[in-house]
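Below, each chain spelled out in residue letters.
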Amino acid sequence: MKWDNVYPWEGKANIPQEGQFIKLKEDKSLEVPDNPIIPYIEGDGIGPEIAPAMIHVVNTAVERAYGGKRKIYWVELLAGDKAEEKTGKRMPEETLEVLKTAIVSIKGPLGTPVGKGGKSLNAILRQSMDFYSAIRPVYWLGQPAPIPNPERVNVAVFRENSDDVYMSIEYMPRAENTQKVREFFIKEMGVSEYALPEDCGITVKPMSEYKTKRHVRKALRWALENNKKVVAVVGKGNIMKATEGAFINWAFEVAKEPEFEGRVITEGEPKEGQVLMVRVITDQMLMQLVLKPEAYDVIITQNLNGDYISDLASALVGGPGFVPSGNIGDGYALFESTHGTAYDIAGKGMANPLSLTLSGAMMLEYLGWKEPAELIYQAVRRAIGDRLGTPDIANGFRKMGLEAKELSTFDFAKAIAERIG
Ligand code: NAD
């Protein structure tokens, strides 16, 4: 399938004259032209298979919704294996520059080579534009799932993305630095040797008011805009008082800010235009998600808890292959599939393109293009309802004793596109 609005990398990023860059206004909202330039990074492993599938579905939906009045101009940027092969660098400077200029972009999975030095490409991307909230809306579209009545799951996980143990402040067991840190705690701070034995390693878990509050505001605004009712602030504040406990307290302070007055309540029944904010301990939430997933619409949490919670929530609807995600900062946004590179099935046409395709729909909503996003959700429901899918989906149906038709990655995308509108 060839589209005239896709501009592959050709020795450099190929910026089309016909497209325009999205602009960031002073209040950090977006000014989106009808012909926005959206960079895409294919990604490693199955990336070159799922990226064209996503583009095909998104293009079809935009065309169907706006009849040519609006059109995305897709510009390929390199990162990961392809970038290394073509430029000798896994993350060329050009990629970061164009991503910044374009404000909104989308990517497939990027591999982290084991045993080679260097920072994770995903971490470089997330930090380069301060994407401080990772958002994973988890909902069910009819696919085989491991729980009864998976339609009960409809929860958006807002994971703080710029704090916590991911800051990599680590002291390895028995290293010289670790002994210095231990000595400081034992001699200067009165910590016992029992708590910090000679052979221990230490990971530092920073959590700040500024980073927490900006994340919570983003989640609350999203909850209100999307008419959600129950927002849970999740953490293990009873044990980690200085970090997760502080996070929860700061979240409740945000609820009292003038912007949210009367709209975010902390007790009682939420009325039209209101959300109820509650606190839930992490282990409770993990249990509740399995037993009573319908109880929560939005989960606001820290980086590490968000990692666990979003994977559990994704598993409830069939796994990360079905769940989209967005990394969002002050206006800047990078949407991405939630699974990894799946090198084991790369090049075989077996990859499920839904996570990236639904991330494309999420990106359209972010641009304010809600009509084509809705067309994609409906078409995916129809295709799955017709029991079509890549081998993972078809096998899931067969395990339920149902017949299903197995399609390749791109044929599945075509089947979705045929069901648009
Ligand atoms: P993975 O998600 O790549 O694979 C786990 C299993 O799920 C494999 O059996 C794979 O075949 C299957 N799978 C994954 N996506 C699939 C899809 N779309 N359709 C069908 N089956 C699918 O996880 P991994 O093996 O732990 O990680 C591989 C690499 O991906 C690592 O280098 C890791 O760092 C990277 N990774 C990147 C991201 C990202 O870019 N955001 C996220 C997770 C992992």
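Residues numbered from 1 in each chain as written. Predicted model: local features only at pLDDT ≥ 70, side-chain atom pairs only at ≥ 80, totals over all residues. Heavy atoms only, no water.

### With respect to unusual backbone geometry
Here's step 1: Even without being a glycine, Lys28 presents a positive backbone phi close to 75°.
Here's step 2: Mapped onto the fold, Lys28 is located in the loop between strand 2 (23-24) and strand 3 (30-31).
Here's step 3: Its relative accessible area of 42% is what places Lys28 among the partly exposed residues.
Here's step 4: Residues other than glycine seldom take positive phi values, yet Asp130 does so here, at roughly 50°.
Here's step 5: Relative to the helices and strands, Asp130 is located in the loop between helix 4 (121-128) and strand 7 (133-139). (Helix = DSSP H or I, 4+ residues; strand = E, 2+ residues; numbered from the N terminus. Buried < 20%, exposed > 50% of the residue type's maximum accessible area, 1.4 Å probe, protein only.)

### What about the sheet that holds strand 6 (residues 104-107)?
Here's step 1: With mixed pairing, the 12 strands of this open sheet are ordered in space as 1-5-4-6-16-15-7-8-14-11-13-12. This sheet does not close on itself; its edge strands, each paired only once, are strand 1 (6-7) and strand 12 (264-265).
Here's step 2: Summarising the sheet, strand 15 (residues 324-328) and strand 16 (residues 333-337) pair through five bridges and their orientation is antiparallel. Among the inter-strand pairings, Ile328 is bridged to a residue of strand 16, identified as Ala333.
Here's step 3: This element, helix 1 (residues 47-66), spans strand 1, strand 4 (37-41), strand 5 (73-76), strand 6 and strand 16 of the sheet and lies at about 170° to strand 5.
Here's step 4: Packed onto the sheet, helix 4 meets strand 6, strand 15 and strand 16 and runs at close to 155° relative to strand 16. (Pairing = 2+ DSSP bridges. Contact = heavy atoms within 4.5 Å. Axes fitted to C-alpha atoms, helices over the stretch in contact; angles between N-to-C directions.)

### Here we look at the environment of Thr357
Here's step 1: Its place among the elements puts Thr357 in helix 10 (residues 354-366).
Here's step 2: Separated by 304 residues in sequence, Thr357 and Ala53 have C-alpha atoms that sit 7.3 Å apart.
Here's step 3: Setting aside its immediate chain neighbours within four residues, Thr357 contacts Ala53, Met54, Val57 and Ile376.

### Section: the packing of helix 1 against helix 11 (residues 370-385)
Here's step 1: Axis separation between helix 1 and helix 11 bottoms out at 8 Å; the angle between their running directions is 125°. Taken as axis vectors, helix 1 and helix 11 run oblique relative to one another. Read as a crossing pair, helix 1 and helix 11 show a hand that is right-handed. Within the contact between the two elements, helix 1 uses Val57, Val58, Ala61, Val62, Arg64, Ala65 and Tyr66 and helix 11 uses Lys370, Glu371, Pro372, Leu375 and Ile376. (Parallel < 35°, antiparallel > 145°, perpendicular 65-115°, else oblique. Left-handed = near helix turned anticlockwise from the far one by under 90°.)

### Quick look at the side chain of Glu49
Here's step 1: In this fold, Glu49 is placed in helix 1.
Here's step 2: No salt bridge is formed by the buried Glu49; the nearest opposite charge belongs to Lys348, separated by 9.6 Å.
Here's step 3: In this structure the side chain of Glu49 is engaged in a polar contact, spanning 2.6 Å, whose partner is the backbone nitrogen of Gly347.
Here's step 4: Those residues in contact with Glu49, other than ones at most four positions away along the chain, are Ala346, Gly347, Lys348, Gly349, Met350 and Thr409. (Lys, Arg positive; Asp, Glu negative; His and termini not counted. Salt bridge = Lys/Arg side-chain N within 4 Å of Asp/Glu carboxyl O. Polar contact = N/O pair within 3.5 Å; in protein donor to acceptor, adjacent residues only side chain to side chain.)

### Some details on the pattern of salt bridges
Here's step 1: Taken as a whole and judged by the stated rule, the model has 28 salt bridges.
Here's step 2: With a closest N to O distance of 2.8 Å, Asp386 and Arg419 form a salt bridge. Taken together, the residues Asp386 in the loop between helix 11 and strand 17 (388-389) and Arg419 in the segment after helix 13 (409-418) connect sequence positions 33 residues apart.
Here's step 3: In this structure Asp386 comes out as partly exposed when scored by relative accessible area, which is 46%.
Here's step 4: Salt-bridge contacts for Arg398 lead to Glu406; the nearest nitrogen and oxygen are separated by 3.2 Å.
Here's step 5: For Arg398, a relative accessible area of 38% corresponds to the partly exposed category.
Here's step 6: You can call Glu406 partly exposed: its relative accessible area is 41%.
Here's step 7: What you see here is one network of salt bridges that share partners, running through Asp44, Asp81, Glu84 and Arg90.

### Looking at the site of the ligand
Here's step 1: Residues in close proximity to the ligand total 16 residues, the closest being Leu110, Gly340, Ala342, Asp344 and Asn352.
Here's step 2: Between the ligand and His339, the relevant distance is 3.3 Å, taken from a nitrogen atom to a side-chain nitrogen or oxygen of the residue. (Near = heavy atom within 4 Å.)

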